[in-house]
There are 2 protein chains.
Amino acid sequence: MTDQQAFFDLLDIMENEKLVDAKRFFALMRSTFCIANLLYADVDVLAKGFAIHRLHHTFSASAARTYLDEGFLRIDPILQLTMGGIRPVDWATARELHPDSEPLFSAAVRLGLGVDGITLPLPTPTRRLAFLAIHADIPAEEWPAYRRNHLRDFQLLAYLFHASVLENDSRIELSQHGAKMLTHRETEVLGWTAAGKSYWEIGTILGISERTVRFFMTNARRKLNVVSNTQAVAQAVRRDLIPTF
Amino acid sequence: MTDQQAFFDLLDIMENEKLVDAKRFFALMRSTFCIANLLYADVDVLAKGFAIHRLHHTFSASAARTYLDEGFLRIDPILQLTMGGIRPVDWATARELHPDSEPLFSAAVRLGLGVDGITLPLPTPTRRLAFLAIHADIPAEEWPAYRRNHLRDFQLLAYLFHASVLENDSRIELSQHGAKMLTHRETEVLGWTAAGKSYWEIGTILGISERTVRFFMTNARRKLNVVSNTQAVAQAVRRDLIPTF
DNA sequence: GGCATAACTGTCGGTAGTGACAGGTTCCTA
DNA sequence: TAGGAACCTGTCACTACCGACAGTTATGCC
């Protein structure tokens, strides 16, 4: 099969080149596998709502805008299945499991996004959600055989691409994220918050005003780049920034 | 190729059966791919030393005991490369990158563990390290072509097996710890709270009402014997009850 | 058939957390 | 001596949380 050779060529590229541009990867994928469209996303679920950390796709600008603007991202049943999962998610399966979301799928069809496709969940170091969605340009009746034939190819190539993106990411993050250390008071206040104390109680304990406690917590949240006290405590405990008792 | 058909049969099993026993998976892998030995491990890198969470292998009992007793696990260069990585790790590459560990590789050869093989890192929900190590029973000169041909098969099947193990794990964990253990939903909701999500957002993500999210959080607080969501998250993170990613 | 457990939903009212506004002092270092 | 960093305080308006009330449905076990 010539298909085989094309796959191996692509594999060599993905394994040997440190940084593969998304556009190039998408172009290679499309030419190798008769893929109509691809979407790679890395969504930061730590941020308020869903902050898009990284997004590459080959859909039309208007289709993507509609998808994002309408907030479909929040209720997309494929995303729900992808979240925290490892197995590939078939769009058809998601459609069956979530009949409530039928309007979404209908809208997707109108936008030309197709209904036969697959989404591969990708692991992320932090609590983000990354995935590669693949929409092949083939007749519906050929889809099962196509999926079966190429799932392994997609799985491996998606992970190699993802690895490339993450490796590049961490280089950037290491250079900019530096000495955002918590002060003594911030640590102290965070510790009492982790112990379940309210602002008023902490203020009384430390002999400062409730307002000041809030001030320290606000600074801690900003430094940890989180939105809630709860989240700040989760991060602090994970990073061993506050004493465990 | 008959190889192809054997792979597809195995793929069908891994995709359709909820729980695939390690022994069965290993047997199928060995017969399908001429694999000499397999090792699947899930270790806790946070614990002092390495706490083994799960371990299946086809190596001889004496070889495995030597490997573990001698503490090779701690200095294994392959594990070092696997840690936090996504890309497959070739044993030969690890040997080149870590000349200091030559004694380990020599010992491995004596023990019959082989030097041509590959280790696939697998993502885990908590701060653990999981991987599948594969050692094929073929002449060294055929290894590069073999690796190239089957990497995609290994990658996909390893992930499906890993998914099966993880899904089964969570079920066991819930049932064995008795009344004080958090339910699946409580764990899930707690995890999203730790990620800074509001009740409304979590409800949207999980497809349930905001009220129900509150219900689960209330139960979680009661079981953890704490008064606030923040405190609950602190406890849960400390006890590794919720995914960290 | 009872009983327990898990998953699920609704409303009310009080309290706690959060952002944005606008200040202050002390101490150390360039 | 100017600037920065840590520490400290106040008010207003809004949102989120949390306890207590009172349910429903499904499943599995004795």
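Engineer: Got a minute to help me understand the overall build of chain A in this structure?
Structural biologist: A count of helices and strands for chain A gives twelve helices and five strands. Evaluated residue by residue, chain A yields a buried proportion of 53% over its 245 residues. A separation threshold of at least 6 residues defines the contact pool for chain A, and within that pool the share at least 24 residues apart is 60%.

Engineer: How should the pattern of salt bridges be read in this particular structure?
Structural biologist: In the structure shown here, the tally under the stated rule is 14 salt bridges over all chains. Between Asp153 of chain A and Arg152 of chain B there is a salt bridge, and its shortest N-O distance comes to 2.6 Å. One end of the pair, Asp153 of chain A, is in helix α8 (residues 143-176); the other, Arg152 of chain B, is in helix α8 (residues 143-176), on a second chain. As far as the burial class goes, Asp153 of chain A and Arg152 of chain B line up, both buried. A salt bridge links Asp90 of chain B to Arg147 of chain B; its shortest N-O distance comes to 2.7 Å.

Engineer: Looking at this structure, how should I read the interface of chain B and chain A?
Structural biologist: Bring the parts together and some accessible area is lost; that lost area is often taken as the interface size. Across the contact, 56 residues belong to chain B and 61 residues belong to chain A. Both sides together, the interface formed by chain B and chain A hides about 5000 Å², and carbon and sulfur atoms give 56% of it. Across the salt bridge formed by Arg147 of chain A and Glu15 of chain B, the nearest N and O atoms sit 2.8 Å from each other. Linking chain B to chain A there are 13 residue pairs in polar contact (both at pLDDT 80 or more). Among the elements of the structure, α1 (2-16), α8, α9 (184-194), α10 (199-206) and α12 (229-238) of chain B are those that each provide at least two residues to the side of chain B that touches chain A.

Engineer: Looking at this structure, how should I read the protein's contact with DNA strand D?
Structural biologist: Residues in close proximity to DNA strand D total 18 residues, the closest being Thr183 and Thr212 of chain A together with Arg214, Arg221 and Asn229 of chain B. What you see for DNA strand D is that sugar and phosphate hold 56% of its atoms within 4 Å of the protein. The contact in question runs from a phosphate oxygen of DNA strand D to an N or O atom on the side chain of Arg185 of chain A, over 2.7 Å. Interatomic distance of 2.5 Å between a side-chain N/O atom of Arg221 of chain B and a phosphate oxygen of DNA strand D. Of all the secondary-structure elements, those providing two or more residues to the surface near DNA strand D are α9 (184-194) and α11 (210-224) of chain A together with α11 (210-224) of chain B. Top element by residues in the surface near DNA strand D is α11 of chain A. It accounts for five residues.

Engineer: How should I be thinking about helix α12 (residues 229-238) of chain A in this particular structure?
Structural biologist: Residues lying three or four places apart along an α-helix face the same way, a consequence of the helix completing one turn every 3.6 residues. Counting buried positions along α12 of chain A gives ten out of ten residues, so the element sits mostly inside the fold. Of the residues making up α12 of chain A, those classed as buried are Asn229, Thr230, Gln231, Ala232, Val233, Ala234, Gln235, Ala236, Val237 and Arg238 of chain A. Tucked into the core, α12 of chain A has its buried residues touching α9, α10 (199-206) and α11 of chain A together with α9 and α12 of chain B. Just past α12 of chain A, the residue Asp240 of chain A takes up positive phi, approximately 60°.

Engineer: What is the right way to read the protein's contact with DNA strand C from this model?
Structural biologist: Near DNA strand C you find 18 residues, and of these Arg214 and Asn229 of chain A together with Arg185, Arg211 and Thr212 of chain B are the closest. Restricting the count to atoms of DNA strand C within 4 Å of the protein gives a sugar and phosphate share of 56%. One of the side-chain nitrogen or oxygen atoms of Asn229 of chain A is found 2.4 Å away from a phosphate oxygen of DNA strand C. Within the side chain of Arg211 of chain B, one N or O atom sits 2.6 Å away from a base oxygen of DNA strand C.

Engineer: Honestly, the pairing of strand β4 (residues 117-122) of chain A in this entry has me stumped. Any pointers?
Structural biologist: All names here are of chain A. Counting buried positions along β4 gives six out of six residues, so the element sits mostly inside the fold. The alternating pattern of β4 places Gly117, Thr119 and Pro121 and Ile118, Leu120 and Leu122 on opposite faces, both of which are buried. For strand β3 (residues 89-90) and β4, the ladder comprises two bridges, and the chain directions are antiparallel. Bridge assignment links Asp90 to a residue of β4, and that residue is Ile118.

Engineer: So what exactly am I meant to see when it comes to the packing of α9 of chain A against α11 of chain A here?
Structural biologist: Residues and elements named next belong to chain A. In the contact formed by α9 and α11, the axes pass within 9 Å of each other and the chain directions differ by 100°. For the element pair α9 / α11, the angle class is roughly perpendicular. Taken together, the residues of α11 that come into contact with α9 (itself represented by Arg185, Glu186, Val189, Leu190 and Thr193) are Val213, Phe216, Met217, Asn219, Ala220, Lys223 and Leu224.

Rules and cut-offs
Residues numbered from 1 in each chain as written. Chains lettered and ligands numbered in written order. Predicted model: local features only at pLDDT ≥ 70, side-chain atom pairs only at ≥ 80, totals over all residues. Heavy atoms only, no water. Helix = DSSP H or I, 4+ residues; strand = E, 2+ residues; numbered from the N terminus. Buried < 20%, exposed > 50% of the residue type's maximum accessible area, 1.4 Å probe, protein only. Contact = heavy atoms within 4.5 Å. Salt bridge = Lys/Arg side-chain N within 4 Å of Asp/Glu carboxyl O. Buried area = accessible area lost by both parts, 1.4 Å probe. Polar contact = N/O pair within 3.5 Å; in protein donor to acceptor, adjacent residues only side chain to side chain. Near = heavy atom within 4 Å. Pairing = 2+ DSSP bridges. Axes fitted to C-alpha atoms, helices over the stretch in contact; angles between N-to-C directions. Parallel < 35°, antiparallel > 145°, perpendicular 65-115°, else oblique.

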